[in-house]
Amino acid sequence: MERTPGGDGLGEAVTIGVSITVPEPYGAQIQDARAGHGDPLARSIPTHVTLLPPTPVDPAALPAVEAHLRAAAVGHRPFRMLLQGSGTFRPVSPVVFVRVEEGAQECRALEADVRSGPLARELAFPYHPHVTVAHGLPDPVLDRAFEQARGFRAVFEVAGFSLSRFGPDEVWRPWRTFGFGG
């Protein structure tokens, strides 16, 4: 972890992320596919659609972050998500993903609300809701992942999102869940 400026200057930052969890059995299917492609991050990242990428936060700011996320969740309603088919960010980024075919508009609205206030930050790339299947692997592996993900399909109801913390063991763990509509 890294030191963060501000506050008393002595606290270490915690790294957080905000996401929609892909439920079982779909989450395990995608995690198994990632592991099968040799992705070293496969078992350390629960299957998800990102709303806020990894972000260092001063621990003293966590109560304000949680209040912000509760307020963001209240303004949204449950929605149906359809994950189907494959996509890629190549050549810009070595990522293969499952597409969010239904629910993408809701994800964009959620992302904008989450990434505001105490969590306002610039992104390296424009926001594009997706579920990663392979990342940072050789091109032939990414090609195979793209082909295999083409047949993937999952439909489920999204009733909220999760705040996760990155642990000292480099594993992401859900920490708090925020349901829509209060």
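Structure's up top.
These lines cover the structure that appears in this document, whether it is placed above or below. Quick caveat, the model's predicted, so the values are computed rather than measured.

About the cut-offs
Residues numbered from 1 in each chain as written. Predicted model: local features only at pLDDT ≥ 70, side-chain atom pairs only at ≥ 80, totals over all residues. Heavy atoms only, no water. Buried < 20%, exposed > 50% of the residue type's maximum accessible area, 1.4 Å probe, protein only. Helix = DSSP H or I, 4+ residues; strand = E, 2+ residues; numbered from the N terminus. Pairing = 2+ DSSP bridges. Arc of directions from axis to C-beta. Contact = heavy atoms within 4.5 Å. Phe/Tyr/Trp six-rings, centres within 6.5 Å; stacked < 30°, edge-to-face > 60°. Lys NZ or Arg CZ within 6 Å of the ring centre and 35° of its normal.

Attention now goes to the pairing of strand 3 (residues 79-88). On any regular strand, side chains alternate: one points to one face of the sheet, the next to the other face. Among the 10 residues that make up strand 3, 7 are buried, leaving the element largely enclosed by the rest of the structure. Looking at chain direction, strand 3 and strand 6 (residues 153-158) are connected through 6 bridges and run antiparallel. Residue Leu-83 lies in a different strand from strand 6, and its bridge partner there is Ala-154. Sheet topology places strand 3 next to strand 4 (residues 95-102); 5 bridges connect them, and they run antiparallel. Pairing of Leu-83 across the sheet is with Val-100, part of strand 4. Hairpin connection between strand 3 and strand 4: a loop of 6 residues separates the two successive antiparallel strands.

The next point concerns helix 3 (residues 104-114). Of the positions making up helix 3, those classed as buried are Ala-104, Cys-107, Leu-110, Glu-111 and Val-114. Buried residues of helix 3, viewed axially, fall in a sector of 120°; they line one side. The inward-facing, buried residues of helix 3 abut strand 1 (14-21), strand 2 (48-57), helix 2 (62-74), strand 3, strand 4 and strand 7 (160-166).

Once that is clear, we can look at the environment of Phe-166. Take Phe-166: it is sitting in strand 7. C-alpha of Phe-166 to C-alpha of Thr-15: the two residues are 151 residues apart in sequence and 5.5 Å apart in space.

The next point concerns the packing of aromatic side chains. Applying the stated rule across the entire model yields 6 aromatic pairs. Note on Phe-79 and Phe-180: the rings are 6.1 Å apart at their centroids and 25° apart in plane angle, and the pair reads as stacked. With Phe-79 in strand 3 and Phe-180 in the segment after strand 8 (172-179), this residue pair connects regions lying 101 residues apart in the sequence. For the pair formed by Phe-79 and Phe-180, the shared burial category is buried. Considering the side-chain rings of Phe-166 and Trp-172, the 5.1 Å spacing of their centres and the 45° angle between planes classify their relative orientation as tilted. Taken together, Phe-79, Phe-161, Phe-178 and Phe-180 form an aromatic cluster joined through their ring pairs. The ring of Trp-175 carries Arg-165 above its face, with NZ or CZ at 4.6 Å from the centroid. Sitting over the ring of Trp-175, Arg-176 keeps its end group 4.4 Å from the ring centre.

Any functional reading would require information beyond the geometric quantities listed.
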